[in-house]
Amino acid sequence: MALEKVYKGENIYEVVELLGKYGEDAKIIAGGTDIIIDLRNERIAPKVLVDVSSIEELKSIEDKGEYIEIGAGVSFTQIVESPLFVGNLYGLNKSCHLVGSPQIRNKGTLGGNIANGSPAADSIPPLICLNASLIFKSIKGTREISIEDYYKDEDASVKVDEILVNIRFNKLDKRQALSFSKLGLRKALAISRLSIATLLELDEGEKISTIKVASGSLGKYPMRELELEQFLMGKKLDHTTIDEGIVVLQKAMEKRLAKRSTFPYKRIAVDSMFREALKEAMELLNGVRQ
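Anyway, here's the lowdown on the structure attached to this text. A quick note: this is a predicted structure, and the numbers were derived from the prediction, not measured. (Residues numbered from 1 in each chain as written. Predicted model: local features only at pLDDT ≥ 70, side-chain atom pairs only at ≥ 80, totals over all residues. Heavy atoms only, no water.)

### Concerning the overall build of the chain
Step number 1: The helix and strand tally for the chain stands at 11 helices and 12 strands.
Step number 2: Relative to its length of 290 residues, the chain is compact, with a C-alpha radius of gyration of 19 Å against a globular reference of 19 Å.
Step number 3: By its C-alpha atoms, the chain is 60 × 45 × 35 Å across when sized along the principal axes.
Step number 4: Within the span of the chain, comprising 290 residues, buried residues form 49% of the whole.
Step number 5: Restricting to contacts in the chain with at least 6 residues of sequence separation, those with at least 24 account for 61%.
Step number 6: For the chain, the computed accessible surface area is about 14,200 Å², with 49% contributed by carbon and sulfur atoms. (Helix = DSSP H or I, 4+ residues; strand = E, 2+ residues; numbered from the N terminus. Rg over C-alpha atoms; globule rule 2.2 N^0.38 Å. Buried < 20%, exposed > 50% of the residue type's maximum accessible area, 1.4 Å probe, protein only. Contact = heavy atoms within 4.5 Å. Areas by Shrake-Rupley, 256 points an atom, 1.4 Å probe, with all protein chains shown as cover.)

### Section: the pattern of salt bridges
Step number 1: Counted by the stated rule, this structure contains 22 salt bridges.
Step number 2: The partner of Glu-280 in a salt bridge is Lys-94, and the shortest N-O contact between them spans 2.7 Å. Placement of Glu-280 in helix α11 (residues 263-289) and of Lys-94 in helix α4 (residues 90-97) is noted, with a sequence separation of 186 residues between them.
Step number 3: Close ionic contact of Arg-224 with Glu-229 constitutes a salt bridge, the shortest N to O distance being 2.7 Å. (Salt bridge = Lys/Arg side-chain N within 4 Å of Asp/Glu carboxyl O.)

### Comments concerning the state of the cysteines
Step number 1: Scanning the entire structure with this criterion turns up 0 disulfides.
Step number 2: Cys-96 forms no disulfide, and the closest cysteine sulfur to it belongs to Cys-129, at a distance of 14 Å. (Disulfide = S-S within 2.5 Å.)

### A look at the pairing of strand β7 (residues 141-146)
Step number 1: Here strand β6 (residues 133-138) pairs with β7 via 6 bridges, running antiparallel. Its bridge partner being in β7, Ile-135 is matched across the sheet by Glu-144.
Step number 2: Taken together, β6 and the strand that follows it, β7, pair antiparallel across an intervening segment of 2 residues. (Pairing = 2+ DSSP bridges.)

And the structure:
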């Protein structure tokens, strides 16, 4: 099937109308870092491309008071350069800074990273820890779903007539910190082979009062590590707790990955990655509290 037409979307309403008209024959292009490769390799063959790269309302990062809203067309570079993603939200900044090369970060978008659905997408584990919501629009109206459900529920994935317009999450309390750790194949240009994000809060007795751990490339899709979270809750974050927590994580991984050739490598690698993520979270908490 040959590409017949490319539309330059002027606004979200126009894009929604085009998607409603062409349905599965249409594909959205924003940064183009993934879809251009798919087109060249003939993995997809749409009749119509809808270019959304010029729609300003998709390119904003807004502080809405209690929450932050990121347009789906925001580039990784925009996130890295935004003053909103420093301090206790540094984990999202770091995950975007580690995406590919500078050229990829300049062109690639957060919405594209989500829509592509890769289990190795760098920005997803931090967004899962933040319990981010995804807002889609179509001719039928607006749909909102948590990013965690978007990945684990096949029925929740983006529909052929929908466009992802915003990613939204509540701000963290000053006693909470978001961290990120990644192990790739090759520095700067690596597609993530393993990533871990943590959201950590300690009570006045230095015990864990909030913990969220999300991983990338440790399953079919990015996910919360619930068994590890349950183990860590209420404990002091000392060497023994961390050592025992890593064993819990490795056992959970084994249930999902035991038959895969990458499991022995990932089982060893996750040890240092989780320690790094926790260390970074503690450093951020200390910096935020000072």
